[in-house]
Amino acid sequence: MTHTDTTQAPHWEIAEGRPALTRIDGIDTMAAATDWLRAHLRQLRSALAEHGALFLRGLPVATSEDVALVRDVLLPTPTPYREKATPRSDFGNGVASSTDLPAHQSIRMHNENSYTLTFPGRLLFACLTAPAEGGATPVADCRKVLAQLPADLVERVRATGWTLTRNYSEYVSLDWRTAFATEDPEAVAAYCAQNHIAVEWQEDGRLRTRQLRPGIVVHPETGEESWFNHLAFWNEWSLDPVIREALTDEFGSDGLPFNTGVGDGIPLTEDDVASIHRAYEAATVREPWQRGDLLLVDNISTSHGRDPFSGDRKIAVAMGEPVDLLDCRPGVLPAAAPSV
């Protein structure tokens, strides 16, 4: 097959517990790969709207430069990583590593940048080095998650949104300079004022922020409702019990690096958070990585995470197709959350 032969249309393999996957044979150059993606872009977008996440296997993607070429076809409008919360390595050309956390840690389900006013509509993951064991990037259909959740919790979040409190520290989370990419406190204050985030400077120079966001949104293209937030991801009941106790003893309940709540001010219980995790688990699918694999994710309809792994693992990430939160018909408008 040459790079001008683009007749091989995607055929989606649908299997229980696995994301929609297509195998692309006979393409051995990046020029041919990008030609194939351009030729089938409409079909890929249609399948993504239906399934929420797509695995593409068989393209010769081997470097971060290759990922950038694919990104320019699939996500032509980039989205920056705002209000950074986890460490990443910059590979250049708008391509970064997936979250640089220790291999033994799992990363729970979340929608990228659900707490910002503009967020990526689509995510692209690419496997440059497949781990020896584990390390999948599981995804969960947040339309199904919403349907699985307890009705009373859904109605609370629908009516009042969710809150995020962050305490920035170089010791237990990212410091504010890294999170906001500035050394200037006034620049932080200006950004937060513009983005509906309450700012509290502590006596020791550390920063605490609070924000209110809708937890359920409507996809601007499909019109479907989706559970879209970091509510369980950053809640104190999601922490390992030993770590939670140690952090609470050290910093107090309001000093945790991250914590979340419902906008009605009634704290989430351990059972509430467990019910959210169960709903995610019921909707989760995964596929073991192979070198060159691509995973395209609709960030509004689908959450993602990371399984623990052993061995080397190099997954590149690009974010694009920015979406304005107000275009998602939020039932709760974003606001700076008050102190509690």
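These lines cover the structure that appears in this document, whether it is placed above or below. (Residues numbered from 1 in each chain as written. Predicted model: local features only at pLDDT ≥ 70, side-chain atom pairs only at ≥ 80, totals over all residues. Heavy atoms only, no water.)

On to the packing of aromatic side chains, then. What the rule picks out here adds up to eight aromatic pairs. Judged by centre distance (5.3 Å) and plane angle (85 degrees), the ring pair of W176 and W201 falls under edge-to-face. In this pair, W176 sits in helix α6 (residues 176-180) while W201 sits in strand β10 (residues 198-201), placing the two residues 25 residues apart along the sequence. On the basis of relative accessibility, which here comes to 36%, the residue W201 falls in the partly exposed class. With centroids separated by 4.3 Å and ring planes inclined at 5 degrees, the aromatic side chains of W234 and F258 adopt a geometry described as stacked. Taken together, the residues W234 in the loop between β13 (225-227) and α8 (241-251) and F258 in strand β14 (residues 258-262) connect sequence positions 24 residues apart. Taken together through their ring pairs, the aromatic side chains of Y115, F233, W234 and F258 make up a single cluster. Over the face of the ring belonging to Y81 we find R88, whose NZ or CZ atom lies 4.4 Å from the ring centre. In this structure, R313 packs its charged tip against the face of F309, placed 5.4 Å from the ring centre. (Phe/Tyr/Trp six-rings, centres within 6.5 Å; stacked < 30°, edge-to-face > 60°. Helix = DSSP H or I, 4+ residues; strand = E, 2+ residues; numbered from the N terminus. Buried < 20%, exposed > 50% of the residue type's maximum accessible area, 1.4 Å probe, protein only. Lys NZ or Arg CZ within 6 Å of the ring centre and 35° of its normal.)

Relative orientation of the contacting elements helix α1 (residues 30-39) and helix α3 (residues 64-74) amounts to 20 degrees, with a least axis distance of 9 Å. Here α3 runs roughly parallel to α1, going by the angle between their axes. Here the hand of the crossing between α1 and α3 comes out right-handed. Residues M30, T34, L37 and R38 of α1 form the contact with α3, whose own contacting residues are D66, L69, V70, V73 and L74. Here the contact of α1 with α3 is composed, by residue class, of six nonpolar, one polar and two charged. (Axes fitted to C-alpha atoms, helices over the stretch in contact; angles between N-to-C directions. Parallel < 35°, antiparallel > 145°, perpendicular 65-115°, else oblique. Left-handed = near helix turned anticlockwise from the far one by under 90°. Contact = heavy atoms within 4.5 Å. Nonpolar A, V, L, I, M, F, W, Y, C, P; charged D, E, K, R; others polar.)

Quick look at the packing of α1 against helix α2 (residues 41-51) now. Across the interface, α1 lies against α2 with an axial gap of 4 Å and an inter-helix angle of 65 degrees. In this structure, α1 uses W36, L37, R38 and A39 to contact α2, whose residues at the interface are L41, Q43 and L44. Across the contact of α1 with α2, the residue classes tally to five nonpolar, one polar and one charged.

Within the sequence span of α1, burial applies to M30, A32, A33, T34, W36 and L37. The secondary structure elements touched by the buried residues of α1 are α2, β2 (53-57) and α3.

With five of its five residues buried, strand β17 (residues 302-306) lies for the most part within the structure. Neither face of β17 is exposed, since T302, H304 and R306 on one face and S303 and G305 on the opposite face are all buried. Pairing of strand β5 (residues 107-110) with β17 involves two bridges; the strand directions are antiparallel. In the sheet register, H110 faces β17, and the bridge partner there is H304. (Pairing = 2+ DSSP bridges.)

On to the pattern of salt bridges, then. Within this structure, the stated rule accounts for 23 salt bridges. In this structure, R23 and E13 form a salt bridge, with 2.6 Å as the shortest nitrogen-oxygen distance. Here E13 lies in the segment before β1 (20-23) and R23 lies in strand β1, a separation of ten residues in the sequence. The exposure class assigned to E13 is partly exposed, which follows from its relative accessible area of 30%. One salt bridge connects R208 with D254, and the closest N-O pair in it is separated by 3.3 Å. Here R208 is found in strand β11 (residues 207-213), whereas its partner D254 is found in the loop between α8 and β14, with 46 residues between them in sequence. The class for R208 is buried, based on a relative accessible area of 13%. (Salt bridge = Lys/Arg side-chain N within 4 Å of Asp/Glu carboxyl O.)

On to the environment of P120. Looking at where P120 falls in the secondary structure, it is placed in strand β6 (residues 118-129). Distance in space between the C-alpha atoms of P120 and P322 is 4.4 Å, their sequence separation being 202 residues. If sequence neighbours within four positions are ignored, P120 has contacts with T79, E112, N113, N299, M319, G320, E321 and P322.

The residue V67 is located in helix α3 in this model. V67 sits 60 residues away from C127 along the chain, and the two C-alpha atoms are 9.3 Å apart. Setting aside residues up to four positions removed in sequence, V67 forms contacts with V61, V95, L124, A126, L128 and A316.

Another aspect to go through is the sheet that holds β11. The strand order across the open sheet built from four strands is β10-β11-β9-β14, with neighbouring strands paired in antiparallel fashion. Looking along the sheet, the strands with just one partner apiece sit at the ends: β10 and β14. Across the sheet, the mean angle separating the axes of adjacent strands is 15 degrees when strand polarity is ignored. Across four bridges, β10 lies against β11 in antiparallel orientation. Looking at the pairing, W201 lines up with L207 of β11. Where helix α5 (residues 151-160) meets the sheet, its contacts fall on β9 (162-168), β11 and β14, and the angle it forms with β14 comes to roughly 95 degrees.

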